[in-house]
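Structural features, examined
Residue strings, one per chain:
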Amino acid sequence: MTSLLEGTPDKHMALVTGRAYPELADQVASFLGVEVLETTAYDFANGEMYVRFTQPVRGLDVFALQCHSGDINKWIMEQLLMIDALKRASARTITVVAPFMGYSRQDKKHQGREPITARLVYDLFRTAGADRIMTVDLHASQEQGFFNAPVDHLTATPVLIDYVRHSLPLENTTVVSPDAGRIKVSERWAAKLGGLPLAFIHKSRDTTRPNHAVAHGIIGEVVGRDCVVVDDMIDTAGTICEAVRTLHEAGAKSVTLVATHALLSGPAVERLADCGAREIVLTDTVPVPESKRLPNMTVLSVAPLLAAGIRSVFEERSVQTLLEGLPEDMRPRNIYA
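Report on the accompanying structure. Everything numeric in this text was worked out from a predicted model, so none of it was measured.

**Description of the overall build of the chain**
Counting secondary structure elements, the chain contains eight helices and 15 strands. Its C-alpha atoms give the chain a radius of gyration of 20 Å, near enough to 20 Å, the size a compact globule of 337 residues would have. Taken along the three principal axes of its C-alpha coordinates, the chain extends 60 × 50 × 35 Å. Evaluated residue by residue, the chain yields a buried proportion of 52% over its 337 residues. Considering only intrachain contacts with a sequence separation of at least 6, the fraction spanning at least 24 residues in the chain is 64%. Counting every atom, the chain has about 15100 Å² of accessible surface; 50% of that belongs to carbon and sulfur. Here the chain contributes 34 positive and 41 negative side-chain charges, whose respective centroids are spaced 4 Å apart.

Here it is in structure tokens:
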């Protein structure tokens with residue numbers, strides 16, 4: 001197996017990865033039929049990092065994959081070092097692959113004297129030398145405008161929908177948006193699952209308190225229904241577990257939680273274990289260690305989605321087609337992560 005994916009004459013691709021979640025990069029490489037380019041990376045005693053690629057990258061289209069999870073600031077910094085090293089080594093193009101984009105929730109000012117940190121992160125990547133960014137399910141899709149170059153905004157929706165379609169009796173299912181901001185996403189889910197009924201939870205968020213929201217009621221019919229709550233991420237799980245409680249109190253038969261990004265910070269696992277959800281369906285845009293997995297938790301792999309996106313960009317084909325599903329040859333050999 002080679003480290004390079006051949007394209008048109010004199011056009012070759014390479015995949016590199018940081019240390020946050022190298023297992024995901026290995027899976028992506030397997031779908032592409034390549035090997036991850038070898039990297040030397042380590043920390044100095046004072047916390048500074050060192051990155052060097054052990055093979056030439058001159059003239060290559062390089063995809064630099066890094067998961068922004070755990071020690072998020074460290075891994076973003078390491079990815080910036082990777083980009084700078086690639087630029088100085090004369091890579092032809094550099095694509096940042098960030099399955100979960102760190103700081104994406106800080107996309108606007110709620111109060112005076114706040115930063116717009118999501119914009120800052122995009123600026124850092126651009127300044128370091130990135131030519132484009134590939135990510136999955138941004139907190140707000142308009143963030144693509146923060147980067148003054150192409151942004152390939154993939155979505156895990158086809159992967160998640162395919163799983164839900166085969167795991168629930170859809171004739172009794174209602175798709176539930178956890179708040180007003182996710183209604184459009186939930187509408188797409190309802191349409192793709194055959195025109196299912198839609199409901200949403202009315203809640204308010206205290207912008208002065210992180211990870212805190214209060215549910216006030218439900219708009220839509222959920223009594224006796226199997227409810228599927230669709231969100232972009234589960235962080236501390238406080239608000240999503242409040243949604244489960246609210247739905248049960250309103251008479252829902254069961255509640256299934258579906259989210260792309262399994263951040264699972266702080267008390268999240270304990271809250272999810274006690275919330276009464278029938279199943280929790282997530283993807284591995286960030287690593288989900290065994291210590292955080294529950295008996296009713298399913299973690300699906302995003303490796304085939306990322307591989308399909310990378311191949312489309314490298315071969316200069318449309319990424320838009322991935323919104324409808326994965327190419328046949330990228331269908332998971334094993335859907336679980």
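**Some details on the nonpolar core**
Membership of the largest hydrophobic core comes to 53 residues, with the highest contact counts inside it found for Leu15, Leu24, Val28, Leu32, Trp189, Leu306 and Ile310. For this core, the secondary-structure elements that each account for two or more residues are β2 (12–17), α1 (22–32), β5 (60–65), β7 (132–136), α4 (157–165), α5 (183–192), β12 (226–234) and α8 (303–314). Counting residues per element, this core draws most heavily on α8, which supplies eight residues. When near neighbours in sequence (up to four residues on either side) are disregarded, Leu306 contacts Leu24, Val28, Leu65, Val97, Pro99, Met134, Val136 and Leu154.

**With respect to unusual backbone geometry**
Here Arg113, not a glycine, exhibits a phi torsion of approximately 65°, which is positive. By secondary structure assignment, the location of Arg113 is in the loop between β6 (93–98) and α3 (117–128).

**A word on the layout of surface pockets**
For the second largest pocket, the calculated volume is near 300 Å³. Surrounding the second largest pocket, 16 residues form its lining, Pro158, Val159, Asp162, Gly325 and Leu326 being those nearest its centre.

**Some remarks on the state of the cysteines**
If you walk through the whole model with that rule in mind, you get zero disulfides. Its sulfur unpaired, Cys241 is 4.1 Å from the next cysteine sulfur, which belongs to Cys275.

**Considerations on the packing of aromatic side chains**
Summed over the entire model, instances satisfying the criterion amount to five aromatic pairs. Ring geometry for Tyr122 against Phe147: centres 6.3 Å apart, planes inclined by 50°, an arrangement best described as tilted. With Tyr122 in helix α3 and Phe147 in the loop between β7 and β8 (151–154), this residue pair connects regions lying 25 residues apart in the sequence. An identical accessibility class is assigned to Tyr122 and Phe147; each is buried. One aromatic cluster in this structure is built from Tyr42, Phe44 and Tyr50. If you follow Arg126 out to its NZ or CZ, it ends over the ring of Phe147, 5.7 Å from the centre.

**Quick word on α8**
Its 12 residues give α8 an end-to-end C-alpha distance of 16 Å, which sits within 8% of 16 Å, the value for a rise of 1.5 Å per residue. Burial within α8 is extensive, with 12 of its 12 residues counted as buried. All of the buried residues in α8 are Ala303, Pro304, Leu305, Leu306, Ala307, Ala308, Gly309, Ile310, Arg311, Ser312, Val313 and Phe314. The first or second residue beyond α8 is Glu316, which carries a positive phi of 60°.

**Observations regarding the side chain of Gln79**
Assignment of secondary structure puts Gln79 in helix α2 (residues 72–88). Of the polar contacts made by the side chain of Gln79, one reaches the backbone oxygen of Val97; its length is 3.5 Å. Every residue in contact with Gln79, bar those within four places of it in the chain, is listed here: Ala64, Leu65, Gln66, His68, Val96, Val97 and Phe125.

Parameters and conventions
- Numbers given for residues are sequential positions, taken from 1 along each chain in its written order.
- Reporting of local features is limited, given that this is a predicted model, to residues whose pLDDT is at least 70; pairs of side-chain atoms are given and counted only at 80 or more, and all residues count toward the totals for whole chains, interfaces and linings.
- Water and hydrogen atoms were dropped before computing side-chain values, which therefore reflect all heavy atoms in the structure.
- Only DSSP runs of H or I with at least four residues qualify as helices, and only runs of E with at least two residues qualify as strands; both kinds are numbered from the N terminus onward.
- What the globule rule says is 2.2 Å times the number of residues to the power 0.38, and the radius of gyration is computed from C-alpha atoms.
- Exposure is judged per residue with a 1.4 Å probe applied to protein chains only, and the accessible area is read against the type maximum: over 50% gives exposed, under 20% gives buried, and values in between give partly exposed.
- Should any heavy atoms of two residues lie within 4.5 Å, those residues are considered in contact.
- Accessible areas in this description were obtained via Shrake-Rupley with a 1.4 Å probe; residue shielding takes into account the shown protein chains only.
- In this tally, Asp and Glu contribute negative charge and Lys and Arg positive charge; neither His nor the terminal groups of the chain are included.
- Where a charge sits is defined by one atom per residue type, namely NZ (Lys), CZ (Arg), CG (Asp) or CD (Glu).
- For this analysis, a nonpolar core means a set of buried residues of the types Ala, Val, Leu, Ile, Met, Phe, Trp, Tyr and Cys, connected via side-chain atoms within 4.5 Å.
- The rule is simple: put a 1 Å grid over the protein atoms alone, call a set of points where a 1.4 Å probe fits but cannot get out a cavity, call an open set with protein on both sides within 12 Å along at least five of seven lines a pocket, and count a residue as lining if it has an atom within 4 Å of a point.
- Grid points are joined across faces, edges and corners, and a volume is the space filled by probe spheres set on the points.
- Here, two cysteine sulfur atoms that lie within 2.5 Å of each other are counted as a disulfide.
- Stacked, edge-to-face and tilted labels apply to pairs of Phe, Tyr and Trp rings (six-membered ring for Trp) whose centres lie within 6.5 Å, assigned for plane angles under 30 degrees, over 60, and everything in between, in that order.
- In this scheme, the term charge over a ring applies when either NZ of a lysine or CZ of an arginine sits within 6 Å of the ring centre and within 35 degrees of the ring normal.
- Expected helix span is taken as 1.5 Å per residue step, with the number of steps being one fewer than the number of residues.
- We call two N or O atoms a polar contact when they sit within 3.5 Å, provided that within protein one can donate a hydrogen and the other can accept it, with sequence-adjacent residues counted only if both atoms are side-chain atoms.

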